[in-house]
Amino acid sequence: MKRTAPGFPALAPGRASAAGGLPAAVDPSAASFRVLALQVRAMGLLDRRPGYYRVKITLTVFAFFAGWALFVMVGDSWAILAVAPLVGMMFTQLGFIGHDAGHNQVFGTRQRNRLLGLVAGNALIGLSFGWWVPKHNAHHAHPNEMGRDPDIGEGSALPSSDAPGDGRGPLASWLARRQAPLFFPLMLLRSCGMHVLGIRRLLRRRDRTAAVEASLILLHAALYLTVVLWVLSPLRALAFVAVQQAVFSLYLGISFAPNHKGMPIIESAAAAGFARRQVVTARNIRGGRFTTLMLGGLNYQIEHHLFPSMPRPNLRRVQGLVRDFCAATDLGYSEESFVESFRQIMCHLSDAGAAASRRPD
């Protein structure tokens, strides 16, 4: 399935390059985006929404602890496996709060956003906020750019579907050929990979910040395992942890995968303006308030990439302006249903797997 970004010449399936595009300095979308950005700021759409986030954070934390209260009430029974998905889903919802904090959407100061991120990420779900923020910032700076976007390299469920085959080991080559059928099964391991990568980064550091983060993760692990093993027998505890973490991983994966997977891969963004890079590599998910709730606002991916510090509830309000901007600058505007986005992803992965199979080992 060939994916060619507007303003980029066609390359191999699933790829696009800025090499033949207009230089960023004369990219017509650059001047238009500056006008749009000034309009958005004048409308107050970049202003913080403290009332929204007070309610959102309170309800999310309440639901999180309500899930654990239900866990204790059900007790040492196999019915506990019906509670595990609820707890897993609340882990992901807390992850969305951490995502917003990482973009400084919640509070007016970086320090308060970081504190929220440490509580939501390290303490409540056990993921390193300090590892995730620079990784995610690199993704925003270089979306779908080979060698610079960590989401198509480190931390991916699979080797990049568009990565060159040279130098691959046997396991990576085998995975690349079978990435379509393995996409959802390997997504179940996403949280494990994030835990490992975050802990590895903390172990490489020797500063006070890393010590604070590590302490919060250890506190999370101690409380999590104490509660689970206090309530459940070892076998049921193992089953609960497996199901809860699998649901957390899958929910997280299906929330992030539609955003960029199967969209054009850029080999070099040096010749493209900021707006062009952000728009042509992103995909929105069509839907209403329920979709926004379930996907943590990530369904407005184009708007989020153009204005990453914009509070979540304002993304819907800026969508009409962004649509008009994309139409006027001929950037295109990819918006699909949730099901259609995954159909496109699976077609893309099937084509990339077939291409990998044709490469000599």
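Structure report, in brief. (Residues numbered from 1 in each chain as written. Predicted model: local features only at pLDDT ≥ 70, side-chain atom pairs only at ≥ 80, totals over all residues. Heavy atoms only, no water.)

1. Re the nonpolar core
1) Next: By size, the foremost hydrophobic cluster in this structure holds 28 residues, and its most contacted members are Phe-64, Trp-68, Phe-71, Phe-91, Val-228, Leu-232 and Phe-240.
2) Next: Every element with two or more residues in this core is listed here: helix H2 (50-74), helix H3 (84-102), helix H4 (110-125), helix H5 (129-141), helix H8 (190-204), helix H9 (208-231) and helix H10 (234-260).
3) Next: Counting residues in hydrophobic clusters, the runner-up holds 19 residues, among them Ala-282, Leu-306, Phe-307 and Val-322. (Core = buried A, V, L, I, M, F, W, Y, C linked by side-chain atoms within 4.5 Å. Buried < 20%, exposed > 50% of the residue type's maximum accessible area, 1.4 Å probe, protein only. Helix = DSSP H or I, 4+ residues; strand = E, 2+ residues; numbered from the N terminus.)

2. Thoughts on the pattern of salt bridges
1) Next: According to the stated counting rule, one finds 7 salt bridges in the structure shown.
2) Next: The partner of Asp-151 in a salt bridge is Lys-135, and the shortest N-O contact between them spans 2.6 Å. With Asp-151 in the loop between H5 and helix H6 (170-177) and Lys-135 in helix H5, this pair connects stretches of sequence that are 16 residues apart.
3) Next: Asp-151 gets classed as partly exposed once you look at its relative accessible area, which sits at 28%.
4) Next: For Lys-135, a relative accessible area of 12% corresponds to the buried category. (Salt bridge = Lys/Arg side-chain N within 4 Å of Asp/Glu carboxyl O.)

3. What about the packing of H3 against H10?
1) Next: At their nearest, the axes of H3 and H10 sit 7 Å apart, and the two run at 40° to each other. Classified by the angle between their axes, H3 and H10 sit oblique to one another. Along this stretch, H3 crosses H10, giving a crossing that reads as right-handed. For the pair formed by H3 and H10, the contact residues are Ala-84, Pro-85, Val-87, Gly-88, Met-89, Phe-91, Thr-92, Gln-93 and Phe-96 on the first element and Phe-240, Val-243, Gln-244, Gln-245, Val-247, Phe-248, Tyr-251, Leu-252, Ser-255 and Phe-256 on the second. (Axes fitted to C-alpha atoms, helices over the stretch in contact; angles between N-to-C directions. Parallel < 35°, antiparallel > 145°, perpendicular 65-115°, else oblique. Left-handed = near helix turned anticlockwise from the far one by under 90°. Contact = heavy atoms within 4.5 Å.)

4. Here's the deal with the packing of aromatic side chains
1) Next: Summed over the entire model, instances satisfying the criterion amount to 16 aromatic pairs.
2) Next: Summarising the aromatic geometry, the rings of Trp-68 and Phe-240 are spaced 6.0 Å apart at their centres and angled 55° between planes, so their arrangement reads as tilted. Of this pair, Trp-68 sits in helix H2 while Phe-240 sits in helix H10, placing them 172 residues apart in sequence.
3) Next: What makes Phe-240 buried here is its relative accessible area of 0%.
4) Next: Between Phe-71 and Phe-240, the ring centres sit 4.8 Å apart and the planes meet at 55°, which makes this aromatic pair tilted. Here Phe-71 is found in helix H2, whereas its partner Phe-240 is found in helix H10, with 169 residues between them in sequence. (Phe/Tyr/Trp six-rings, centres within 6.5 Å; stacked < 30°, edge-to-face > 60°.)

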